[in-house]
2 protein chains.
Amino acid sequence: MKNNGENKGWIRRVSPGLKPPSLSDNTADVDRLLKGIKKSLGAAEDVCIDFSQAGKAPSALRQWNYQVSAFVYLEHDRWHLIDIADALDRQGMYGLALDLGSSTLVLRLIDLEAGSVMDETAFHNPQIDVGADILTRIHYAAREGGLSRLQAMVIERLNDEIGALARKHGIRPESIVGMSVAGNTTMTHLFLGLNPYWLCREPYIPVMNRTGLIPCHELGLAINPQAPVLVSPNVGSYFGGDLIAGILASGMSRQSDVSFLVDVGTNAEVVIGNREWLMACAGAAGPALEGGVADMGMMAGPGVIDRVVIDPVTREFKIRAIGNHAHDGARGKGPVGICGSGLIDLVAQLFSAGMIDLRGKFVKSACEGRLVEVDGIRHLIVVPPENSGTGRALTLSQTDIDGLIRSKAAMYTILTTVANTVNIALKEIGRFYVAGTFGSYIDPRSAIIIGMIPDLPLETYVSLGNTSLEGAGMALMGAEARQSLFEIRDQITYLELNVNQEFMNLFSAAKFIPHTDRSLFPSVTVRA
Amino acid sequence: MKNNGENKGWIRRVSPGLKPPSLSDNTADVDRLLKGIKKSLGAAEDVCIDFSQAGKAPSALRQWNYQVSAFVYLEHDRWHLIDIADALDRQGMYGLALDLGSSTLVLRLIDLEAGSVMDETAFHNPQIDVGADILTRIHYAAREGGLSRLQAMVIERLNDEIGALARKHGIRPESIVGMSVAGNTTMTHLFLGLNPYWLCREPYIPVMNRTGLIPCHELGLAINPQAPVLVSPNVGSYFGGDLIAGILASGMSRQSDVSFLVDVGTNAEVVIGNREWLMACAGAAGPALEGGVADMGMMAGPGVIDRVVIDPVTREFKIRAIGNHAHDGARGKGPVGICGSGLIDLVAQLFSAGMIDLRGKFVKSACEGRLVEVDGIRHLIVVPPENSGTGRALTLSQTDIDGLIRSKAAMYTILTTVANTVNIALKEIGRFYVAGTFGSYIDPRSAIIIGMIPDLPLETYVSLGNTSLEGAGMALMGAEARQSLFEIRDQITYLELNVNQEFMNLFSAAKFIPHTDRSLFPSVTVRA
């Protein structure tokens, strides 16, 4: 992430070493400062100051006898003054990168001069108090004062977290001189105080696709008031700045090979392309992939099952839960539920062990002793009550499996549709980048077994983690990366997913494990 | 003043005729608007919007079904959105030019599309309540809350006057989308709320020499909140934006001939140059020229003498007072005082009639019957009590004449010094522009007779009136004129007037009427 010659910082500190004014050089204080900065930068671009900042320059310059450091940022071929400080002050120059998720915010503190990450903190989006889903928040924003309340919730929480980070590292908030934010289009609108009303109404129009740099005082952020806030641009309601930042982080837009970038979730966001073209698409895969629908499903956390292995011969379950919870049956220490990646593992293993068939139906003979029927629906006991952390059995119902199969089929169909649109066979994909925290937990082999992702060599799959945060940080640190963010946006062709007969045919064919067309998944052994 | 092809307006209105968004074109509202404006302008430059304005665009666009007019201004190679309005609205596009004088403010309402002046209003600078002179105001600004009080005085008064002008012409204040201001450096600082503390302290440093365009809401002006305020730049404490605007208005910086531009007043501001170079200088000429020191001196106004003719044979006084006051002796209708131009006339006429000598001393024999002595000082009765509007005699004392001679000598010496510095003989001056309202009242012939200005053919002298206001208006209306304002500023070499022995020698030689060196004033007949 370190800056190199080609990707110099667009936020900089210089020490112009000004000469104090005299009768023979009566240039005004502000003009003297801007001229000195320009010379110090060796810049062709002029240096300017926001008028509201000019008034305080004379006393500051005199206080430090004109020996100042200046923090500046580049926009529209001009350097803009953020602030000046005593040239003798040894405090560094810091920035923040923010992944603005609808459920979780992740904030990075960055040393802008070293080009390195100093710290990172994650916390729930406080807007969850208004509603966990995005639509509820959009409706809330339409209420009297709702929009500014939603904005304030995020900003206030951010200020608390920023304050804590700054204290922890002995940094003055005014030494934080830049911020970069990436989020989906709705979250970004709420963060900026822009009305999201039209985002969820046909034809789904954002207020803005791209903003200029915003002085952070306009958003109420408690860092240097003139610190520029870089907001990752969107392509529309359904393809936000988090994904654009993700493309930047993946590097796919700089490669000649064609790659996929997929953010797996309730909404599956898919990008295919290379340095010459990019096509993006977003479609509902359903919440089943994230484990949100299954009886025992929950978000990843302590005691939650994230990995399952079933011995194909003994059909013994080996279960791993997050946070060293041993599967030893001690009450309160056993598993409490299953997360999405665990669910994908579980279903893949059930299939491999012959306990479910091609259609995902329980094979009674193979599930001997584990099947119970509740309200006429079959349930498989994954963890018996005596081993569970809840005191109740953790079960997987036929309905849960059906839901997961619909979701995985939707995901596979979206991938196929996008690839078909650009006439690329799935086998031609050089890299398959998986973005997002959830995606990083998924075992690609399990996902291939259930037919959620193409049957490519495992090394094709690269889990990138939080690409939104990574991309935001890159764009904060480098001028080229920042420019790329907007070039990527402009380069994207957005494919409106047309759920027509062809899509439905593909979807139906994908609703089997791994697929009706077994030739698509040669590596997956299907038990007779 | 009308714009032509070479000097196009930098504030414009366009009607982009936007297509409403659809599923096949889901560009965001703001991006759609900016793109449409750019296309409509046929501009190479991008169009941008202040973030604080973006949020209101969607409802405005929808309210008018995307049929809007947009007001934009050009700065730093980008067009900036001021506001949008219903495309069907027939209101025009207006601007304001302001001459920000320390005693008088003059405000012009301009039709920016027609390029014509619609109205003009003049009023006292309300800061006079704090102090008539600039130094008092600078000291007041240093008090707790003093600076913002001084700024508010001017802004509030301006808002009243702007409101009155707008009502008079049926203009909505938000249709006033630009303003241009020219004033001396201190007045400009106070208008902008910038601390003038260092202006009057060696080495006399302004806060800023030049500002970018300032959105008028930052100054509290009650026109369109995003209307740009153009502020004429300064060269230093003593050479302000009023004079830079004056140079622009005079046209001297576009001519090949060398011209003088002189603003006569307590402070004499002098510029010499042509399209290749400009040298400026300001020096204290003393208040005597404006009639401020003489016993009977006062500012021009009703009943004030502005013209005097003395019959060289009969020595009868013909006196003209402002506002049809006949010199008929009727009490209350007679003259009440004399203004600067009247004083210059009076002294020139006294000299031509042989009533004062080369040194400005009363010639007793020639003043027969008009001389009285008060406290040992001779006074000449100009208007006897029975003819005066005050009931008391209007008199001119020897002290008054001595003061005027010092002032005129200072003025002539400054002119000579500046011309000497650039090696130009006064006779080579092609045009001698006289700026300012006061200057426009001065009879050049009288000023030559007393030796205040060089003995050039009368047609060399051109009175320009309020060049500060005229220049401000030009810069508001034309992009080239606006650019010239800053080019003129950069082109000026400021001559710090060094009151050394040479200056004092020149000054001493000029303290005669018209001058010790009579060859400099061949047209002036000196009575033996």
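Here, the structure is the one placed above.
Remember, it's a predicted structure, so these values are computed and weren't measured experimentally.

A. Representation of unusual backbone geometry. A cis geometry characterises the amide bond from E202 of chain A onward to P203 of chain A, with omega recorded as 0°. By the secondary structure assignment, P203 of chain A is in the loop between α6 (185-192) and β9 (214-215). With an omega of -10°, the peptide bond between I513 of chain B and P514 of chain B qualifies as cis. As for its position among the elements, P514 of chain B is in the segment after α14 (501-510). Here Y204 of chain A, not a glycine, exhibits a phi torsion of approximately 60°, which is positive. With respect to the helices and strands, Y204 of chain A occurs in the loop between α6 and β9. Residue classification places Y204 of chain A among the partly exposed residues on the basis of a relative accessible area of 24%. The backbone of D375 of chain A shows a phi angle near 50°, a positive value even though the residue is not glycine. Tracing the backbone through its elements, the reader meets D375 of chain A in the loop between β17 (371-374) and β18 (377-383). The exposed category is assigned to D375 of chain A, whose relative accessible area is 76%.

B. Representation of the interface of chain B and chain A within the structure. On the side of chain A, 37 residues touch chain B, which itself brings 37 residues to the contact. Of the roughly 3200 Å² buried at the junction of chain B and chain A (both faces included), carbon and sulfur atoms supply 65%. The tally of links from chain B across to chain A stands at zero salt bridges. Secondary-structure elements contributing two or more residues to the side of chain B that touches chain A are α1 (29-41), α2 (51-54) and α3 (57-63) of chain B. Residues of the side of chain B that touches chain A, tallied by class, amount to 20 nonpolar, eight polar and nine charged.

C. Representation of the environment of G403 of chain B in the model. All names here are of chain B. Tracing the backbone through its elements, the reader meets G403 in helix α9 (residues 398-421). For G403, a relative accessible area of 9% translates into the label buried. For G403 and D345, which are 58 residues apart along the polypeptide, the C-alpha to C-alpha distance reads 15 Å.

D. Quick peek at the packing of aromatic side chains. Taken as a whole and judged by the stated rule, the model has twelve aromatic pairs over all chains. Taking the centre distance of 4.9 Å and the plane angle of 75° together, the rings of Y197 of chain B and W198 of chain B count as edge-to-face. Accessibility expressed as a relative area gives 29% for Y197 of chain B, which makes it partly exposed. Cation over ring: R62 of chain A sits above W198 of chain B, and NZ or CZ is 3.8 Å from the ring centre. For the cation-ring pair, R482 of chain B lies above W10 of chain B, with the distance from its terminal atom to the ring centre recorded as 4.3 Å.

E. A look at the packing of helix α7 (residues 241-250) of chain B against helix α13 (residues 479-491) of chain B. Residues and elements named next belong to chain B. With their axes 9 Å apart at the nearest point, α7 and α13 run at an angle of 120° to one another. When the interaxial angle is binned, α7 and α13 end up oblique. Taken as a pair, α7 and α13 cross one another with a handedness that is right-handed. Along the contact surface, α7 presents I244, A245, I247 and L248, while α13 presents A481, S484, L485, I488 and R489. Residue classes in the contact of α7 with α13 are distributed as seven nonpolar, one polar and one charged.

F. View of the relation of the copies chain B and chain A. Mapping chain B onto chain A leaves a residual RMSD of 0.1 Å; the transformation is a rotation of 180° accompanied by 0.0 Å of translation along its axis. With respect to symmetry, the two chain copies, as superposed, fit the operation of a two-fold axis. In terms of proximity to the rotation axis, the leading residue of chain B is H76 of chain B, whose C-alpha is 4.2 Å off the axis. Comparing interface residues between copies, 100% of those in chain B also sit at the interface in chain A, which points to an isologous, same-surface contact.

G. View of the sheet that holds strand β15 (residues 317-321) of chain B. Residue and element names in this part refer to chain B. Spatial ordering of the open sheet is given by β15-β14-β16, a layout of three strands whose pairing is mixed. Both edges of this open sheet fall to β15 and β16 (337-338), since each of them pairs with a single strand only. The pairing of strand β14 (residues 304-310) with β16 spans two bridges and is parallel. Paired with I305 across the bridge in β16 is I338. In the packing of helix α8 (residues 340-352) onto the sheet, contacts are made with β14, β15 and β16, and the angle to β14 comes to roughly 15°.

Procedures and definitions
Residues numbered from 1 in each chain as written. Chains lettered and ligands numbered in written order. Predicted model: local features only at pLDDT ≥ 70, side-chain atom pairs only at ≥ 80, totals over all residues. Heavy atoms only, no water. Helix = DSSP H or I, 4+ residues; strand = E, 2+ residues; numbered from the N terminus. Buried < 20%, exposed > 50% of the residue type's maximum accessible area, 1.4 Å probe, protein only. Contact = heavy atoms within 4.5 Å. Buried area = accessible area lost by both parts, 1.4 Å probe. Salt bridge = Lys/Arg side-chain N within 4 Å of Asp/Glu carboxyl O. Nonpolar A, V, L, I, M, F, W, Y, C, P; charged D, E, K, R; others polar. Phe/Tyr/Trp six-rings, centres within 6.5 Å; stacked < 30°, edge-to-face > 60°. Lys NZ or Arg CZ within 6 Å of the ring centre and 35° of its normal. Axes fitted to C-alpha atoms, helices over the stretch in contact; angles between N-to-C directions. Parallel < 35°, antiparallel > 145°, perpendicular 65-115°, else oblique. Left-handed = near helix turned anticlockwise from the far one by under 90°. Least-squares fit on C-alpha atoms with pLDDT ≥ 70 in both. Pairing = 2+ DSSP bridges.

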